[in-house]
Amino acid sequence: MDTIGELEQLVLLAVMQTGDDAYGVVVQTAIRQKARRDLTLGTIYKTLSRLETKGIVTSELGEPTAERGGRAKRYYRVTAAGRRALQHQLSALRAMAAGLDVGLEAP
Amino acid sequence: MTRIPRVVRVIEPLIRPDLRDAIAGDLVERFAADLEQRGAVIAHLHLWREAFMALRHFGRLPTAQRVNPVRSFVSDVRYGLRVLRRTPSFAIVCITTLALAIGPTAAILSVVDPLLFRPLPYGRPDRLAFVWERGGNGSPITTGYSTIEDVRARATTLASVAAVASWQITLSATGNPERLEGARVTWNYFRTLAVPMMLGRDFTRDEDAQNKNTVVILSHRLWVRRFNADSSIVGRTISLNENQRTVVGVLPPDYDDVINPTAQIFTPLGYVATLPWACRTCRHLTAVARVRDGVTFERSTAELNQISSQLVSAFPKEYPSVGFFLNPLQQDVMREARPALLAILGAVMLVLLIAIANVVNLHLAQSIRRETEFAVRAALGASGWRLIQQLIAEGLGVALAGAGLGLVLARVMLPALVSRLPAKLARTGAIHLETGIVLTLGIVAVLVAIVIGLVPAIVAKRRALYSSEMRSGARHGGGTGHARARAALVVGEIALALLLLTGAGLLSMSLVKLFDVDRGFDAHNVITMRFQSSGPRYPNNIAILAARRRVVATASTVPGVVDAAAVTILPLGGGLDRYGVMAMDKPQDHPERAPAATGYRVVGDYLKTMRIRIVAGRDLTDADARDTSTRPVVISASLAKVLWPGENPIDKRMSIPNSRKPWGTVVGVANDVRQRSLNDDDGRAFYYPEDHWLFPLNESTLVARVLGDPSAVLRAVRTAVTSVDASQPIVDVRTMDDVVSRSTAQRQLALLLFAAFAGLAVLLAAAGVYGVLAGSVSERTKEIGVRTALGATTLDTYALVLRRGLGMAGGGLLLGLVGALAATRYLQALLFGVAPTDPTVLVGSVAVLLLVSFLACLIPARRAVRIEPMVALRQ
């Protein structure tokens, strides 16, 4: 299994946060609000398509909408494998951070 | 629907297809949200950043450039097509413009190429030549059989010499008599041309003798049409003039007789030098020779001139002057059509140039509008060359589509064009849209595409169009480089349009003047048709003339027919019987220098039927036909002037060629008529009763003057003629008006094409003027707004726009006038009654173009006037 980079983690978590409605602008907004990081849509899509080739997310095209000038949205969803990979990585992180005051204690 | 920012539109096609919708849509959504929450400035800054990054990650072109030039070109073309699809009206205008020029170009090239440039379909056609004698006035004339025999025997520089005469015959197979055009040829005719038979064999030397010439060779077309391409026809006999002749051969399908273009059947001439009609002065034969390999035409001509001197010293009274002409076959055949064909070819090339200028102009304008896109792409690392390549690829789409559509147009035009060519023109059967022409125009299209790509780049060089500097919008652009280039193109277009318009004007003036010429006869309400009296039922002249009188009499009884007569040839009908004539009281020591005149042999009231005015003496009467002692003849006024200048010609005696007795008596003088063509004023003619003619004549032309519309009576007249002998075919049924009109077919075609091309050229030039002005008005909206705000009146604004437009027009017209003065002389051969530099035509053409340019200025000018200063300034 591939490891997931920092940027990938961020995007992946944002997709999970937004649930069924995860597409570019929504993901971007989530990252902006929660992580205070300003990523461009290009960067987000680049990351998402990398995740997709790793099998961590899947995507499908929605219906074209008028407020987007008749352009369709592409919705992203995390796969089961993606979820496992994330858990694996985060638990490794937590294990390493245990006992250190870095703000990553188990809840 | 939400407004889509321009930058999104620009970058969208460049984004990877699977993410194109998602990213472009997100950009739109983001932009809308930013606009609402953070204001226009921030929103725009974000948008640019987003767009830039989207392109950096998903833009295709910068990476494609590194990958593979072929693939990048394919994607360029695909992108070009997408661009065109986004601006369909632009694409349609460009493609139509090119098609309207390329179509006619292809059609005209298809006509001109086989006629003027492609070698004739014979073996080594460059070695073939006509041999003409030198006439009294130094022009080439046809030859007598004995002369040809002498040339054949003495000329060592000629490999062979053949002779050919026209032949009209009735094919009476299977109950459907048909009049055929054919040729009588010496046995070595096809050998001289180096044409092998497709079926059967060529003529033999033995068959080319009197009473042995009972064999024929068929053209491929006749063989297919009348004999169902039956190869067993060889060796069978067919009935010609109700005599039996044996078919010995069939010519190949690509055979084309350039000497007798309408000939479909060939028979041996069957002359020997001792026959009366084989004499030196019996000049009814055309001689064609093959010059030996390795011998120059000059050397051969020198030898022929030597032979001519020998002949003239041996037979001084039988040659008008010393010398032969040895004229290359193809050049000579096309001598008359050549000036018209070249003029039309030149005209269509001008149209093509104008169209290309227009399309380049449109692309220049388009490239101004697309500045933002280019700037973005340049910012992403595309080199200048890369962008030129892109433009060429786009141009290629337009040019190839235009060429394709043009070729379809050419296919449609070509048959119509061929049907309007003069009937006697050779090689028309070889006119097709050839692969070579299609390829040539394909290459032209590619060149056009390259120009489309390069010109905006060259023009923009100084302005660094492709620099990485980003421009905020197209309105901003359109600097002087572009404007100057576009104006220069329009000036060129107007100049070329003036050339074409002047040409069309000169040709139409010529045609008007031609139809205004006094023809000497009244062509209105006259029906004409050729009819035969041939075969065993007409063994001698008495029987033929009796039949002819019956035809005239029967036709006269048809209701609606006022007068009727039969005549051997029609004025302006295409064929002339010319004879040297002499006055009895003025003996000529050199008969070959006797003045030539056209002989009309008539049955019935020919002069009255044609309304040819008698200016002195009287018309011929029925009694004259039986008057074998005085043999009355009517001569034309100009012949009277030549034979008896300053004297009264009535009752004078003149020679009647081929008459039973040598002298006739002038009983009347008739007005001159136009005979050879409307522009040929040689009116020398004589009219006499056919009864006095020596030889049998199987064919005559009926002329019938009718009351009212000729077409109403035509069928009845035809039926009347048929009722005399149903076995004899009737051909060339037409009105005299039609005969006159056909005599100008070549001019009419030239005029038609010039007029069409000139119209197209003017339209394109006007579109050019309009395009440039419309562009400049929208570019200068702000300026015009400021001017208006500062007090410029409507008139000032009009003047501002008109000055620019009419400035271009003036420059073009000045340039065009210089060009017209230099170029119209190439039309000289097609002009009549008008000088190539006719001031009326020149001024008229200038006025037309000026008016059209003015109208083209008005729409942009009105738009400029309507600009609201406040709106303009806020932009």
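So, how was this worked out
Residues numbered from 1 in each chain as written. Chains lettered and ligands numbered in written order. Predicted model: local features only at pLDDT ≥ 70, side-chain atom pairs only at ≥ 80, totals over all residues. Heavy atoms only, no water. Helix = DSSP H or I, 4+ residues; strand = E, 2+ residues; numbered from the N terminus. Buried < 20%, exposed > 50% of the residue type's maximum accessible area, 1.4 Å probe, protein only. Contact = heavy atoms within 4.5 Å. Areas by Shrake-Rupley, 256 points an atom, 1.4 Å probe, with all protein chains shown as cover. Rg over C-alpha atoms; globule rule 2.2 N^0.38 Å. Lys, Arg positive; Asp, Glu negative; His and termini not counted. Charge placed at Lys NZ, Arg CZ, Asp CG, Glu CD. Core = buried A, V, L, I, M, F, W, Y, C linked by side-chain atoms within 4.5 Å. Salt bridge = Lys/Arg side-chain N within 4 Å of Asp/Glu carboxyl O. Patch = residues over 30% accessible without salt bridge, like charges linked within 9 Å, V, L, I, M, F, W, Y side chains within 5 Å. Buried area = accessible area lost by both parts, 1.4 Å probe. Polar contact = N/O pair within 3.5 Å; in protein donor to acceptor, adjacent residues only side chain to side chain. Nonpolar A, V, L, I, M, F, W, Y, C, P; charged D, E, K, R; others polar.

Give a detailed account of the overall build of chain A, specifying residues and quantitative values.
From N to C terminus, chain A includes four helices and two strands. Taken from N to C terminus, the helices and strands of chain A fall in the order α-α-α-β-β-α. Along the three orthogonal principal directions, the C-alpha set of chain A runs to about 55 × 30 × 20 Å. Looking at the 107 residues of chain A, the share that counts as buried comes to 45%. When contacts within chain A are restricted to residue pairs at least 6 apart in sequence, those whose partners lie at least 24 apart make up 47%. For chain A, the exposed surface amounts to about 5900 Å²; the carbon and sulfur share of it is 54%.

Lay out the overall build of chain B with the relevant residues and their values.
Within chain B, the secondary structure is distributed over 26 helices and 22 strands. Computed over the C-alpha atoms, the radius of gyration of chain B is 36 Å, more than 25% above the 29 Å expected from 2.2 N^0.38 for a compact globule of 875 residues. For chain B, the spread of C-alpha atoms along the principal axes amounts to about 120 × 60 × 55 Å. Residues counted as buried form 54% of the 875 residues belonging to chain B. For chain B, the proportion of contacts with a sequence separation of at least 24, taken over those separated by at least 6, is 81%. In the form shown here, chain B has an accessible surface area of approximately 37100 Å², with 59% of it arising from carbon and sulfur atoms. Averaged over its 97 positive side-chain charges, chain B has a centre that lies 7 Å from the centre of its 69 negative ones.

Quick one: what's the story with the nonpolar core, residue by residue and with numbers?
Core analysis: the biggest nonpolar cluster contains 166 residues, and B:Tyr189, B:Phe266, B:Leu500, B:Tyr606 and B:Tyr687 have the highest contact counts within it. The dominant element in this core, judged by the number of residues it contributes, is helix α22 (residues 745-779) of chain B, at 17 residues. Counting 48 residues, the second-largest nonpolar core is a separate cluster that includes A:Tyr23, A:Val26, B:Ile4 and B:Ala22.

Please provide a residue-by-residue account of the pattern of salt bridges, values included.
All told, the structure shown has 44 salt bridges over all chains when counted by the stated rule. Across the pair A:Arg68 and B:Glu29 runs a salt bridge, and its minimum N-O distance is 2.7 Å. Of the two residues, A:Arg68 is situated in the loop between β1 (57-65) and β2 (71-78) and B:Glu29 in helix α2 (residues 17-58); the pairing between them involves two chains. Given the relative accessible area of 18%, B:Glu29 is considered buried.

I'd love a proper account of a nonpolar patch on the surface, names of residues and values included.
Residue and element names in this part refer to chain B. A cluster of nonpolar side chains, namely Trp 385, Leu 400, Ile 443, Val 446, Leu 447, Ile 450, Leu 454 and Ile 458, defines an oily patch on the protein surface of about 740 Å² accessible area. Elements supplying a minimum of two residues to the nonpolar patch: α13 (384-419) and α14 (435-460). In this fold, Ile 450 is placed in helix α14.

Pulling in residues and values, what's your account of the interface of chain A and chain B?
The interface of chain A with chain B comprises 25 residues on the first partner and 24 residues on the second. Between chain A and chain B lies a buried interface of about 2200 Å² when both sides are counted; carbon and sulfur atoms form 51% of it. For A:Arg68, the salt bridge is made with B:Asp26, and the minimal N-O distance between the two is 2.5 Å. Where chain A packs against chain B, one counts 14 residue pairs in polar contact (both at pLDDT 80 or more). At the level of elements, α2 (24-35), α3 (41-53) and β2 of chain A are the ones that each hand at least two residues to the side of chain A that touches chain B. In terms of residue count, the dominant contributor to the side of chain A that touches chain B is α3(A) (six residues). Tallied by class, the residues present in the side of chain A that touches chain B amount to eight nonpolar, nine polar and eight charged.

Keep in mind these numbers describe shape, not what the thing actually does.
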